[in-house]
Structure formats: C-alpha cells, structure tokens
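Notes for the structure review
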Amino acid sequence: MLPFRRPVPPLSPLCPAGWRSGLAALALLLAGAPLAAQAQDAPAPAGAAADDQPIAFEANGVSYDDDSQTVTAFGNVVMKRGDQSVVADKVIWDRKSGKIMATGNIRLVDRDGNQLFTDSVELTDEFKTGAMQNMLLALREGGRLAAASGERGTDGNVVLHNAVYSACAVEDSAGCPRKPSWRITAKRVIYDPDNKRVKFQGARLELFGARLMPMPGLVVTTDGRPINGLLIPDVRLSASNGVELSESWYQRLAANRDIAVTGYLYTKALPMVSAQYRALTETGAYQITGYVTQSRAISISGTPTSSKDFRGYFYANGKFQFDPNWSVTFSGRLASDRTFLRRYDISRDDRLRSMVDLERIDPNSYLSIAGWATQTLRVGDRQGLVPIALPEIDYRRRLADPVLGGKVELQVNSLAITRTGGQDTQRAFASARWDLRRLTPWGQEVTFTALARGDVYHSDENASTVTALYRGNPGWVSRGLASAAVDVKWPLVGSFAKGTQVLTPRFQVVASPTLRNLAVPNEDARAIDLEDSNLFALNRFPGYDRVEDGVRFTYGLDWQFERPGLRISSTIGQSYRLTSRPSLLPDGTGLSNRVSDIVGRTEVRFKDLVKLTHRFRLDKDSLAVRRNEFDAAVGTERTYLELGYLRLNRNITATNEDLKDREELRLAGRVAFARYWSMFGSAVVNLTGKKEDPLATTNGWEPLRTRLGVAYQDDCLELDLTWRRDFVATGDAQRGNTYQIHFALRNLGFR
C-alpha cells in the first residue's frame with residue numbers, strides 16, 4: 001500500500017495557501033505521459049512498455065456490476081500500472097470505454113515521480129487524465145501549479161483555467177501555513193506533453209501580494225531543461241556610467257552547449273555587449289566570455305584619449321581529462337586597457353593571468369608542461385618588465401624501492417623567463433631528495449633528509465632589473481648545492497581541563513655549504529619573510545633560485561588542546577645560524593642576523609560559532625611586533641562578523657619592492673532579523689602611513705571600498721539592495737557611489 005495523503009482543501013487561484021512546494025509539476029498534468037528528461041524527438045521506450053501492462057489495484061472493498069460492466073473500488077484505493085499509481089477514496093472503472101473516474105483525496109503519480117492532487121479526475125486505462133476539479137500539480141524537481149479546473153484537449157494538450165504557480169513552500173518546518181513570497185497567476189495554462197513545456201497565458205508576477213509586471217510569453221519546462229528566452233534585467237547606478245540597465249538572452253544550442261548574450265545601456269556611456277559561450281564535451285568543459293564597447297578611456301595618469309577607442313575584455317578557461325593520467329588546464333584573460341574592468345565593474349583584479357598546463361599524474365610520477373603570462377593593471381607597473389614563463393617543465397618520480405630505508409624522489413625542472421623590455425632568464429636543474437622517518441622507543445618522531453641538486457642558468461639584459469640582489473651574473477652560470485637535515489618532534493599527551501592536550505617540542509638542524517646565490521638570477525624567491533609556515537622548511541625561500549646556506553638550528557613548541565566543541569592550537573619558534581657572516585636575506589625579513597626573530601601562530605575554534613587566527617613576528621632584540629595578523633569569524637551562517645587586520649612593520653628599505661610594509665583592516669558582517677531579512681556590510685581600509693612605507697601617499701586612514709545593503713532570502717526568492725562606495729579613482733573608474741538591485745526567483749531560470 002502507498003502512504004495515504006490527508007485531504008487537500010479546495011484551491012482558489014487567488015489563495016495558494018494550501019499548496020506544498022516544488023516546480024516541475026506541470027508535467028504531472030498529463031499524468032500518463034512520460035516526463036523523462038530527454039530530447040523532444042527522442043523515443044520513450046519506457047512509456048511504450050508500460051502501455052502493455054495490466055492495471056492492478058487494491059482497496060478495502062470492491063463491487064462489480066455485470067450489466068454495466070463497471071468495477072467500483074472504495075476505501076483506500078490504490079491502482080498501479082507500471083511506474084504509475086493512483087490513490088483515491090473511490091474509483092469507478094468502466095471496462096467498456098476504458099474510462100476511470102476517481103473521487104476523493106486523489107493522488108496520481110506518473111513515471112517520473114511528479115504528483116497530481118485533486119478532488120476528482122477522469123482517467124483512461126492508460127492513466128491519462130481528462131477533466132479535473134480543484135487540482136494541484138507537484139513536480140519532482142520543485143514547484144507547484146494549482147488550478148480551479150482542467151481538461152485534456154483533442155490535441156493531447158492539458159489546459160488549466162485560473163491557475164497559480166510558485167516554487168515557494170506553503171508550510172514551514174512545523175507544518176504551519178505560510179504565504180508564498182511570490183507567485184505567478186495566469187488565466188490559462190497549456191501543457192504540451194510532447195515537448196514537455198508549459199505555456200502561461202495572461203501571466204502576471206505577484207511579489208509579497210503586490211501585483212507587479214506582466215510576463216508575456218512565459219514558458220517553463222517540466223523536465224528541468226533550460227529554455228531560450230530573456231532573463232530578468234539588472235539595474236544599477238554608478239558614478240562612472242550613470243544608470244545601467246542590462247538584459248540577457250539565453251540560447252540553448254544543444255544539450256551540451258549554450259550561449260548568453262547581454263546588452264548594457266548607460267546614461268553616461270555608450271552601450272556595451274557581452275557574450276558567454278559554454279560547452280561540455282566527452283573529455284572536459286570550457287567557457288569563453290567577451291565584452292566589447294567603444295568609449296573614451298582615461299589613462300591611469302589621468303590623461304583622456306582624443307577619440308573613442310575600442311575597449312573590451314576576453315576571458316576563457318577550461319579543463320580536459322584525456323585519460324586517467326593525462327589532462328590539460330587552461331585559462332586566458334586579456335583587457336584592452338588598465339581601467340576597463342573597474343570602469344564597468346567586471347572585476348577588481350589588478351593582474352590578469354593566462355596559463356596552460358599539460359599534466360600527467362600516476363601513483364609514482366608527475367609531469368607538468370606549463371606556460372604563464374600576466375597582464376598588469378597596476379599603477380606604475382611597466383608591462384615590459386612583467387615576465388612571461390614559457391615553457392615551465394617539471395618532472396618528478398618517486399622510486400618504488402626504498403634506499404637505505406628511506407623514500408627517494410627525483411626531480412628535473414626547467415624554466416624560461418622572457419620580458420619584452422627587461423631581463424631574460426633560462427634555468428634548468430636536476431635534484432634527488434631522500435627522506436627517512438623513524439619513531440624511537442621513547443616516542444620521538446625523527447626525520448632525516450638529504451638533498452643534492454645541480455643548477456644551470458643563462459641570463460641577459462641583467463642591468464634592466466632595478467633591484468641588484470635579483471640580477472645575478474649575465475651569461476651562463478652553474479651551481480651545485482647539497483643540504484642535510486634532522487628534524488625531531490616529541491609529542492607529549494595528557495589530560496587538561498576536561499580535555500586532551502598535546503605538547504610537542506621540536507628541534508631541527510639544517511646544514512648546507514656556502515653557495516653562489518648572488519651569482520644566479522632571482523626570479524621566483526623574492527618575497528621571503530619568516531613565518532610560522534616556513535619556520536621548519538628545508539629552504540625558507542619560496543622558490544628555487546635562492547637557497548639558505550650555512551648551518552642553522554631551529555627550535556619551537558607546538559601546543560594543542562581539544563575538548564568537545566573547543567579546539568586551541570599554538571606554535572612558536574626561532575632559529576639560530578652558526579655563521580656570523582652577512583646573509584643574503586634582506587634586513588627586515590627576520591632572518592638576516594645570526595638569531596632570527598620569533599614567530600608564532602594561535603588558532604581557536606569553538607563549535608561553528610567562533611574561529612580566530614593570530615599570526616605574529618616579534619623582534620629578537622626589542623620584542624617589537626614586526627608582523628601582526630588577525631583573522632576572526634564569529635557567528636552563525638545568518639548572523640556573523642568577519643574581521644581581518646594586518647600590520648607589517650619590518651623596517652625594510654624602500655628599494656626592495658617585493659617586501660613593502662603595510663597596514664590594512666577588513667570588516668564584513670551580516671545581521672539577520674524577521675526570519676528572512678538581513679542587513680549586511682563590508683569595508684576595506686588602508687591604514688598604511690609614512691611609518692610603514694616612506695613612499696606612501698596616504699595619511700594612515702584611507703577607506704578603499706565600503707558596502708552596505710539589505711536582503712531578503714527564503715527558499716524561493718532572493719532580493720537585495722546594495723550600496724557601495726569606491727574611494728579611489730583609477731583613470732576613468734571614478735570614485736563614488738554604486739547602487740544595485742539583485743532579484744532571483746527559484747525554478748524560473750532567472751539566475
């Protein structure tokens with residue numbers, strides 16, 4: 001027996017309070033017709049097979065009239081035919097005509113799980129519906145369609161009268177009635193079972209009970225397929241472009257390909273057009289996006305162009321998996337000028353990276369053949385000094401058999417750096433690394449590491465590199481290096497404050513002979529800074545071009561405490577170099593002297609309500625705070641506060657452009673109220689002053705962006721109004737206010 005449904009009250013097209021939520025219900029109207037998600041011209045073998053199946057039923061009682069050849073079933077009647085079923089209080093089956101009349105608390109389920117609820121319905125022996133009264137269609141994919149009456153026409157279409165549609169739930173989690181936040185009313189609704197489409201005639205959108213715009217030509221599908229048509233427009237007001245109205249046309253080209261074309265109209269700029277093409281293939285997926293317009297650009301220096309220029313932006317990305325081992329990933333981004341993306345509020349990125357990476361991965365080896373190029377949008381940056389890396393080849397293999405009990409990994413790497421107006425560098429190296437991990441009888445974890453590597457470099461136009469430490473010697477230069485390390489951890493476990501704590505002292509020794517670091521160019525190891533993440537690294541430089549030589553001892557302490565709902569972890573450490581000779585590490589990095597600065601990190605996690613992270617670096621002599629970074633997230637998913645603060649006070653010289661000091665504050669939060677409403681806001685403030693950066697032009701308090709808004713979000717509607725202010729102008733991307741309205745309806749394909 002199928003579960004019995006409580007009575008469904010009569011439905012009025014003006015009051016859908018008795019509904020339950022969902023969208024693809026329209027299909028249920030045709031009840032017996034298959035609603036499988038397939039192409040319109042595809043056959044329906046499942047339906048054909050079901051036509052030959054007999055009707056089985058069960059009920060509390062059955063009577064048979066020999067004269068009229070009718071069968072009457074009453075009391076919890078369940079009729080089944082293949083994957084279809086009908087539940088009703090009473091069913092009369094005319095065996096001559098094949099018609100079935102069902103009455104009382106009817107629930108009809110089709111082959112795809114769509115459900116029809118009605119007071120009375122006339123069916124054929126194939127479970128195809130005829131006339132209906134007070135009906136509700138609940139589609140498996142979400143959405144509800146209610147109508148006062150309906151019937152099947154001679155053409156096979158189902159026609160509903162005085163219909164109401166919504167994707168909103170009409171009952172809350174406690175089962176209490178809830179008025180839908182939006183609905184669509186229509187005088188007439190036509191369901192086409194062959195094309196699996198529902199067409200609305202005389203449709204109008206109602207939002208919070210207010211009748212809004214008419215929606216002529218509204219069509220939805222019953223199998224979840226996207227359909228061609230216009231999307232809901234966007235409205236925005238900005239200082240750069242004035243009032244902006246954008247509208248998109250969506251076109252489905254095939255089951256695996258589509259395109260969306262958007263037009264933009266502005267009161268302070270010429271129109272713009274964009275398009276996005278997406279495709280899914282047997283081996284992967286990709287998308288291509290483009291913007292194009294014509295306008296008078298203002299350069300970053302503030303000088304306008306003499307004429308209206310072609311301006312635009314191109315972006316494409318994708319990934320293809322050719323087999324379990326081989327794949328390729330690519331991404332391309334290119335803008336016509338440095339202010340286009342900000343002017344039209346497309347992106348706030350200040351660098352556009354393009355890349356391609358061919359990879360082969362198996363359990364014991366990795367191969368990557370990649371290329372990188374970057375377009376800078378930063379003020380003051382010269383595009384000719386931005387490197388192009390092509391190719392970058394990296395191959396690694398882990399030997400299957402241990403050597404002296406340890407794992408061996410071999411690596412071969414090459415890189416070619418080209419600049420159109422600066423230094424060119426080529427590099428190749430081969431290395432072998434051996435790691436052995438052992439546990440002592442007293443519980444210490446000891447790791448032995450040995451590394452040997454040989455490098456070959458070639459460079460020219462070295463003098464064009466501004467920072468002398470990065471240049472290296474021109475021409476061919478070779479270098480050999482070797483490193484050995486012993487790392488000891490001793491975790492001590494015990495109980496504390498109704499929880500468990502782990503105290504882990506750690507000690508490391510790393511030795512490497514004196515290297516010709518400054519003889520080779522530095523392309524990938526410039527942003528060096530002592531942090532908790534690289535304190536115990538074999539090489540604390542971020543790349544391959546610089547290697548920390550000499551003998552050093554690193555010592556630290558890890559502490560972790562856990563109890564139900566609470567987790568605290570903390571790390572602190574420092575290093576000591578045996579040699580007193582000058583280091584290649586710049587002053588202010590925390591590593592330039594024999595004794596390093598003190599670094600640490602603390603994390604606190606309390607259930608899902610509080611997450612705090614604090615990173616610091618203390619001067620070894622004065623204990624002055626050289627790095628102070630704080631990130632906090634407090635609250636629930638609906639009400640929360642996020643705070644981020646960073647201050648770098650490292651006293652680094654202004655000539656080292658990769659290691660400038662700065663101070664920044666980030667705030668974001670949301671406060672929920674009245675169940676579905678919330679207020680949200682965010683701000684980014686530049687606190688950098690002359691003390692942190694002598695070249696800074698700010699006074700220590702410069703808001704960059706602020707945002708404030710109010711939003712409504714329930715199970716079927718998203719509506720928000722946002723105000724944003726940009727305080728910094730870049731070329732024709734003006735400072736000022738921006739207002740935007742966001743509107744999305746569930747199941748209608750508007751977002």
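Residues numbered from 1 in each chain as written. Predicted model: local features only at pLDDT ≥ 70, side-chain atom pairs only at ≥ 80, totals over all residues. Heavy atoms only, no water.

1. Brief notes about the overall build of the protein
Looking only at helices and strands, the protein features two helices and 42 strands. For the protein, with 751 residues in total, the buried portion stands at 43%. In the protein, the proportion of contacts linking residues at least 24 apart, taken out of those at least 6 apart, comes to 49%. Of the accessible surface of the protein, which amounts to about 37,000 Å², a share of 57% is contributed by carbon and sulfur atoms. (Helix = DSSP H or I, 4+ residues; strand = E, 2+ residues; numbered from the N terminus. Buried < 20%, exposed > 50% of the residue type's maximum accessible area, 1.4 Å probe, protein only. Contact = heavy atoms within 4.5 Å. Areas by Shrake-Rupley, 256 points an atom, 1.4 Å probe, with all protein chains shown as cover.)

2. Considering the side chain of Asn413
Following the sequence through the fold, Asn413 ends up in strand β26 (residues 407–418). If sequence neighbours within four positions are ignored, Asn413 has contacts with Ile393, Asp394, Arg427, Ala428, Phe429 and Tyr544.

3. With respect to the environment of Glu664
In this structure, Glu664 sits in strand β38 (residues 663–673). On a C-alpha basis, the gap between Glu664 and Thr688 in space is 6.8 Å, while along the polypeptide they are 24 residues apart. Not counting residues within four places of it along the chain, the set of residues in contact with Glu664 comprises Gly644, Tyr645, Leu646, Val684, Val685 and Leu687. Among the polar contacts listed, one links the side chain of Glu664 to the side chain of Arg666, at a separation of 3.3 Å. (Polar contact = N/O pair within 3.5 Å; in protein donor to acceptor, adjacent residues only side chain to side chain.)

4. Regarding the state of the cysteines
The tally for this structure, following the rule as stated, stands at one disulfide. Cys168 shares a disulfide with Cys716; S-S distance 1.8 Å. Its torsion about the S-S bond being 85 degrees, the disulfide of Cys168 and Cys716 is classed as right-handed. Of this pair, Cys168 sits in the loop between β9 (158–166) and β10 (182–192) while Cys716 sits in the loop between β40 (702–713) and β41 (717–726), and the two are 548 residues apart along the sequence. Residue class for Cys168 comes out buried when judged on its relative accessible area of 0%. (Disulfide = S-S within 2.5 Å.)

5. Quick notes on the packing of aromatic side chains
As enumerated under the stated definition, the model contains 17 aromatic pairs in all. Geometrically, the ring pair formed by Trp559 and Phe561 is stacked, given 6.2 Å between the ring centres and 10 degrees between the ring planes. Using a relative accessible area of 4% as the deciding quantity, one classes Phe561 as buried. Relative to Tyr712, the ring of Tyr676 lies with its centre 5.7 Å away and its plane at 55 degrees, an arrangement referred to as tilted. Linking Tyr676 in the loop between β38 and β39 (677–686) with Tyr712 in strand β40, this pair joins segments that are 36 residues apart in sequence. (Phe/Tyr/Trp six-rings, centres within 6.5 Å; stacked < 30°, edge-to-face > 60°.)

6. Let's talk about the pairing of β26
Here strand β25 (residues 388–398) runs beside β26; their pairing, made up of nine bridges, is antiparallel. Directly across from Asp394, in β26, lies its bridge partner Asn413. Where β26 meets strand β27 (residues 424–439), 11 bridges bridge the pair, whose relative direction is antiparallel. Along β27, the bridge assignment pairs Asn413 with Phe429. (Pairing = 2+ DSSP bridges.)

7. What about the environment of Phe606?
Its place among the elements puts Phe606 in strand β34 (residues 598–606). Residue Phe606 is classed as partly exposed on the basis of its relative accessible area, which comes to 34%. Separated by 38 residues in the primary sequence, Phe606 and Ile568 place their C-alpha atoms 8.6 Å from one another. The residues contacting Phe606, other than those within four sequence positions of it, are Gly565 and Leu566.

8. Things to note about the pattern of salt bridges
Tallying each qualifying case throughout the model produces 39 salt bridges. For Asp349, the salt bridge goes to Arg333, with nearest N and O atoms at 2.9 Å. Taken together, the residues span a long stretch of sequence, with Asp349 in the loop between α2 (340–343) and β23 (351–362) and Arg333 in strand β22 (residues 326–335) at a distance of 16 residues. By relative accessible area, Arg333 is classed as buried at 16%. Between Arg601 and Asp532 there is a salt bridge, with the nearest N and O atoms lying 2.5 Å from each other. Here the residue Arg601 occupies a position in strand β34, and Asp532 occupies one in the loop between β31 (499–512) and β32 (550–563), the gap between them amounting to 69 residues. Using a relative accessible area of 15% as the deciding quantity, one classes Asp532 as buried. Because the salt bridges share partners, they merge into one network encompassing Arg236, Glu244, Asp345, Arg348, Arg724 and Asp726. (Salt bridge = Lys/Arg side-chain N within 4 Å of Asp/Glu carboxyl O.)

9. Overview of the confidence of the model for the protein
Residues at a pLDDT of 70 or more form 87% of the protein, whose mean pLDDT is 85. A low-confidence stretch, residues 1–50 stays under pLDDT 50, and its non-local contacts, those more than four residues away or across chains, total 161 contacts. (pLDDT = per-residue confidence, 0-100.)

10. Describing the environment of Ala260
Position of Ala260 relative to the elements: it lies in strand β18 (residues 257–266). Excluding residues that lie within four positions of it along the chain, Ala260 makes contacts with Trp249, Tyr250, Ser274, Ala275 and Gln276.

11. Things to note about the nonpolar core
Formed by 47 residues in total, the largest nonpolar core has its most connected members in Leu145, Leu160, Trp182, Ile184, Val189 and Phe200. Ala269, Phe340, Leu341 and Leu352 belong to the second-largest nonpolar core, a separate cluster that totals 12 residues. (Core = buried A, V, L, I, M, F, W, Y, C linked by side-chain atoms within 4.5 Å.)

12. Some details on unusual backbone geometry
Here Leu390 and Pro391 are connected by a cis peptide whose omega angle stands at -5 degrees. Looking at where Pro391 falls in the secondary structure, it is placed in strand β25. Positive phi outside glycine occurs at Phe208, with the angle close to 55 degrees. Relative to the helices and strands, Phe208 resides in the loop between β12 (204–207) and β13 (210–214).

13. Let's talk about the pairing of strand β35 (residues 610–618)
Sheet analysis places β34 next to β35, joined by nine bridges and oriented antiparallel. Its bridge partner lying in β35, Val599 is registered against Arg617. The turn linking β35 back onto strand β36 (residues 625–635) is made up of six residues, and Leu623 within it adopts a positive phi angle of 60 degrees.

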